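# An overview of the molecular structure
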Amino acid sequence: MAERQTLPVLPLRGTVIYPGLTVPIGVGRPGTLHAIEAALKGDREVFAVAQRENVDEPSPDQLYTTGVVGKIGQVQRGLGGVQLLLQGEHRAAVLTYHQGEDYLTADVMPIAEVPPLDENDAAFVALYKETRERAMELGERRGLPDEVLHQVLDSVTEPGRFADLVAGYVELPVDEKQLLLETLGVEERLRRVLIQVQRQIGMLAAQDEIKSQVQEELGERQREMFLREQLKAIQKELGDDDQSRELNELREKLGKLVLPKEARVEVERELGRLERSGRESMEAQVIRTYLEWIAELPWDVRSDDDLDLNHATAILDEDHYGLEDVKDRILEFLAVRQLRARRVAEEVETSGECAASKLKDADAAPREGDDRAITDGKEAKAKAMARGPILLFVGPPGVGKTSIAKSIARALGRKYVRAALGGIRDEADIRGHRRTYVGAMPGRIIQGLKQAGTRNPVFLLDEVDKLGVSFQGDPASALLEVLDPAQNDSFTDNYLNVPFDLSEVLFVATANFIQNIPGPLLDRMEVVDFAGYTEREKAEIAKTYLIPRQLEESGLSGSGVTFTEDAVAAVVSEYTRESGVRQLERQIGAVTRKLARKIAAGEEVGRTVDAEDVHKLLGRPKVHPERAGEEPEVGVATGMYYTPAGGDIMFVEAAVRRLQPGRKPDDEADRYGGPGSVGLILTGQLGDVMKESARAAVTYATANARALGIPDDRLGSMEVHIHVPAGAIPKDGPSAGVAMATAIVSSLTNRPARNDVAMTGEITLRGRVLPIGGVKEKVLGAHRAGVKEIILPKKNEADLDDIPADVRDALVFHCVSNLDEVFAVALDPSPSPREPRVLEPVG
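Here the structure is a predicted model, which is why all the values come from computation and not from measurement. (Residues numbered from 1 in each chain as written. Predicted model: local features only at pLDDT ≥ 70, side-chain atom pairs only at ≥ 80, totals over all residues. Heavy atoms only, no water.)

## Comments concerning unusual backbone geometry
Spelled out, the test is: Helix and strand assignments come from DSSP, with helices taken as H or I runs of at least 4 residues and strands as E runs of at least 2, each series counted from the N terminus. Accessible area is worked out with a 1.4 Å probe on protein chains only. A residue is then buried under 20% of its type maximum, exposed over 50%, and partly exposed in between.
We note that Glu463 has phi near 60°; this positive angle belongs to a residue other than glycine. When you line up the elements, Glu463 lands in the loop between strand E9 (458-462) and helix H16 (475-482). The class of Glu463 is partly exposed, set by a relative accessible area of 24%.

## Considering the packing of helix H19 (residues 565-574) against helix H21 (residues 611-618)
As a reminder of what qualifies: Note on geometry: axes are lines fitted to C-alpha atoms, helical ones only across the stretch in contact, with angles between N-to-C directions running from 0 to 180 degrees. Angle categories are assigned with fixed cut-offs, so that under 35 degrees is roughly parallel, over 145 is roughly antiparallel, 65 to 115 is roughly perpendicular, and the rest are oblique. Contacts were defined at the residue level, with two residues in contact if any of their heavy atoms lie within 4.5 Å. Three classes are used, and their members are as follows: Ala, Val, Leu, Ile, Met, Phe, Trp, Tyr, Cys and Pro are nonpolar, Asp, Glu, Lys and Arg are charged, and the others, Gly among them, are polar.
Two elements in contact, H19 and H21, have axes separated by 7 Å at closest approach and are oriented at 45°. Relative to H21, the element H19 lies oblique. Between H19 and H21, the contacting residues are Asp566, Ala567, Ala570, Val571 and Glu574 on the first element and Ala611, Val614 and His615 on the second. Each residue belonging to the contact of H19 with H21 can be placed in one class, and the counts come to 5 nonpolar, 1 polar and 2 charged.

## A look at the packing of helix H2 (residues 122-141) against helix H3 (residues 146-154)
How we decide: Should the near helix be turned counterclockwise from the far one by less than a right angle, the crossing is left-handed, whereas a clockwise turn marks it as right-handed.
H3 packs onto H2 with a crossing angle of 145° between their chain directions and a minimal axis gap of 10 Å. Crossing handedness for the pair H2 and H3: right-handed. Residues Arg132, Ala135, Met136, Gly139 and Glu140 of H2 form the contact with H3, whose own contacting residues are Asp146, Leu149, His150, Leu153 and Asp154. Residue composition of the contact of H2 with H3, by class: 4 nonpolar, 2 polar and 4 charged.

## Looking at the confidence of the model for the chain
Basically, it comes down to this: A residue's pLDDT is the predictor's confidence in that residue, given on a scale from 0 to 100.
With 88% of its residues at a pLDDT of 70 or more, the chain shows a mean pLDDT of 83. Segment residues 358-375 is flagged for pLDDT under 50; beyond a separation of four residues in sequence, or across chains, it makes 4 contacts in the model. Contacts from residues 667-676, a stretch scored under 50 in pLDDT, to residues over four places away or in other chains number 20 contacts.

## Focus: the pairing of strand E3 (residues 45-50)
On any regular strand, side chains alternate: one points to one face of the sheet, the next to the other face. What counts here: The criterion for strand pairing is that DSSP finds at least two bridges linking the strands in question.
With 6 of 6 residues buried, E3 is to be regarded as a mostly interior element. As defined by bridge partners, strand E1 (residues 5-12) adjoins E3 across 4 bridges and the pair is classed as parallel. Residue Leu12 lies in a different strand from E3, and its bridge partner there is Ala50. Summarising the sheet, E3 and strand E4 (residues 66-78) pair through 4 bridges and their orientation is antiparallel.

## A look at a nonpolar patch on the surface
To keep it simple, the criterion reads: To count toward a patch, a residue needs a relative accessible area above 30% and no salt bridge. Like charges then connect within 9 Å, nonpolar side chains (Val, Leu, Ile, Met, Phe, Trp, Tyr) within 5 Å. Each accessible area is a Shrake-Rupley estimate made with a 1.4 Å probe; only the visible protein chains count as cover when residues are assessed. Between Lys or Arg on one side and Asp or Glu on the other, a salt bridge is scored when a side-chain nitrogen of the former is within 4 Å of a carboxyl oxygen of the latter.
A cluster of nonpolar side chains, namely Val148, Val152 and Tyr169, defines an oily patch on the protein surface of about 260 Å² accessible area. Its place among the elements puts Val152 in helix H3. Of the residues examined, Val152 reaches a relative accessible area of 33% and is grouped as partly exposed.

## Side note on the packing of aromatic side chains
Inclusion rule: For Phe, Tyr and Trp, rings pair up if their centres lie within 6.5 Å, where Trp contributes its six-membered ring, and each pair is then called stacked (planes under 30 degrees apart), edge-to-face (over 60) or tilted (otherwise). Lysine NZ or arginine CZ positioned within 6 Å of the ring centre and within 35 degrees of the ring normal marks a charge as sitting over the ring.
Inspection of every chain in the model, using the stated rule, returns 5 aromatic pairs. Each ring, one from Phe459 and one from Phe507, has its centre 5.6 Å from the other, and the planes form 40°; the classification is tilted. One end of the pair, Phe459, is in strand E9; the other, Phe507, is in strand E12 (residues 506-511), with 48 residues separating them in the sequence. Here Phe459 and Phe507 have matching classes, each one buried. Looking at Arg435, its charged tip hangs above the ring of Tyr290, at a distance of 3.8 Å from the centre.

## Some thoughts on a positive patch on the surface
Our working rule: For the purpose of charge, His is not counted, nor are the chain termini; Lys and Arg are scored as positive and Asp and Glu as negative. Where a charge sits is defined by one atom per residue type, namely NZ (Lys), CZ (Arg), CG (Asp) or CD (Glu).
The grouping of Arg593, Lys594, Arg597, Arg620 and Lys622 at the surface amounts to a positive patch. On the secondary structure map, Lys594 appears in helix H20 (residues 582-600). Among the residues examined, Lys594 registers a relative accessible area of 36% and is labelled partly exposed.

In structure tokens:
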């Protein structure tokens with residue numbers, strides 16, 4: 001490359017020339033022509049540089065300082081100037097511009113580009129390859145032939161030259177082209193060129209899409225206009241009126257329906273309006289849509305009920321494991337319907353025999369009224385069978401509320417429809433919109449019946465406890481008519497504006513929290529509680545339903561993969577904590593997917609999954625249930641609690657702190673009056689009800705100190721501190737009263753509380769033990785934790801029947817009426833040989 005040179009200047013307007021490119025240039029300005037003539041007299045080299053501004057006679061300040069040294073090739077002279085080919089050779093920087101008499105010259109110095117640090121670097125190679133591919137795509141989008149594209153692009157293999165080649169063909173403003181020329185680093189120039197090429201591709205794609213849309217829209221409109229004109233001509237020649245034919249078909253379809261009187265009058269009125277309306281008018285479209293809804297509803301179509309109890313029992317057992325109470329209630333419901341249907345059938349048969357005997361005596365043919373009597377008898381039979389309670393399934397998520405509704409439909413041989421009501425805030429979602437609104441449509445009840453195609457489906461109203469209220473109305477109030485057997489035989493949807501009989505629909509509702517359902521709505525339904533599954537039931541469900549299903553979904557069906565009892569128990573107890581089985585199925589699915597991956601990769605995998613395999617595949621356990629204490633302790637009692645996720649044990653800790661004579665408890669403690677001040681500190685994020693239980697326990701202990709054997713030196717001024725671990729979790733409820741009283745008395749008497757005994761029950765100031773709820777779940781949680789004996793309120797003794805027999809046989813139950821009976825079981829009779837857990841006096 002030459003050193004410093006003085007060359008004629010070729011100012012460029014609206015373009016930039018790059019090294020390695022041959023570009024045609026049109027020259028017409030006098031100064032530029034003189035510069036060309038001077039170059040032709042020498043070695044034909046010029047300094048081509050872009051102008052900053054579009055002026056005819058640029059000054060040095062209006063030119064960039066970086067350009068290209070180029071060699072003039074073919075020259076063609078004409079009347080308007082000179083046409084020439086300029087071959088860019090290399091970049092150069094201006095040292096000084098010189099203004100001559102006729103043209104500009106410049107002292108220039110060649111500029112060397114900066115190569116990449118390593119041309120074999122993977123990132124640089126990928127950048128270069130991507131730039132080549134995108135450049136090829138841009139050329140294709142511009143319509144260049146593949147042969148020409150390959151010839152041009154394949155002729156340049158050096159990355160820097162390739163970047164200059166692509167930059168020369170990309171349409172950019174002069175300042176952006178100049179920036180690419182001034183970028184000396186090959187890698188950076190490639191990156192900037194790639195960005196510009198991507199932008200060009202995106203712009204061309206958008207242009208093509210817009211062009212296609214415009215052409216398509218114009219083409220469709222023209223085609224539609226042409227077809228409409230042809231259709232008019234054909235109809236005119238044939239004398240055929242398409243609108244009349246459609247109306248006749250709709251009228252015939254509506255005429256076959258068995259409609260109530262009010263609906264028939266409304267249909268005839270709307271048909272007359274449709275005939276008088278113009279075919280393309282908005283009113284005609286609304287009326288036609290309304291009449292089509294009327295025609296598609298199941299006014300007189302019903303399914304035949306299958307009331308075989310043995311068949312229903314087999315289906316329920318096939319689809320669901322456990323839930324015996326729920327299944328019993330459903331079978332009772334079906335049994336009542338069966339007996340009622342039998343009684344009504346006998347009445348209808350008797351009335352039919354009477355009508356037949358009258359006809360025989362009169363020796364006459366049947367009359368229309370007699371047929372109507374038979375039809376009315378069938379209607380009466382269907383409605384009598386339909387009358388019955390509306391079931392509300394209440395329970396935590398994942399326990400089978402929705403799926404058991406499907407099983408009811410299958411057992412009855414009815415269609416199944418589900419309407420998800422969660423989050424609905426508009427009354428029109430239930431009752432429909434009035435036809436005066438644009439886009440009006442019926443509510444979800446009528447839509448569901450159209451979907452079912454029969455007037456007596458099993459209709460599931462899912463999540464009725466999650467209905468909302470807004471300025472658009474209260475959907476729960478709209479459901480009152482739907483779920484009232486005394487009213488729903490004439491349910492009127494705002495869109496239909498005619499009564500529709502819902503009395504034959506079997507409505508089943510589901511909810512998670514019964515307290516969120518308005519009282520009037522709840523009063524119309526019979527509640528069926530889903531208490532959740534025990535761990536044994538979950539294990540059986542996993543083996544019977546979930547594992548086969550997940551093996552099928554993971555492609556492992558028939559592969560011989562099996563789960564051991566320990567593996568299923570590990571997934572149930574260590575990776576899930578729920579009342580239902582949804583999370584359990586997800587965890588089983590995670591195990592089967594990981595096995596499928598290993599098998600697909602050709603790894604050696606055992607076909608029997610045990611607990612160790614579960615831990616390897618799922619990682620560390622995510623659930624850590626409490627375990628019973630290792631030994632009896634003073635001031636530590638074992639309580640039980642229940643949540644929608646199941647039952648478990650909790651520890652109630654109590655400690656006593658003596659105060660200096662005359663010193664009162666700390667400000668944060670609750671104070672009690674009387675001889676010697678007693679304070680109470682509660683920690684563990686306890687709720688108000690639980691705090692009241694603690695106060696009652698302290699009052700009972702201090703008031704009955706002598707009877708409980710509390711030494712006199714333990715009384716006086718003191719503070720009792722009660723703590724329930726897991727302080728990050730809010731806790732509330734009265735059932736911890738027994739455990740709190742036991743922990744306090746244990747601490748004051750220095751008698752250890754037994755670690756193998758768990759207890760629950762509400763207490764009073766007189767020491768009575770009152771009944772509580774959730775006995776089944778609490779007992780199952782305590783049994784899982786390793787507890788051997790259970791203390792329950794006497795009035796909860798009947799709840800023991802709900803506990804599985806194997807759990808009931810493994811535990812010893814003590815049903816108590818007062819705290820004396822509790823202490824006799826829970827506390828060791830003799831004090832601990834250790835020093836009492838009473839903190840030193842503070843003052």
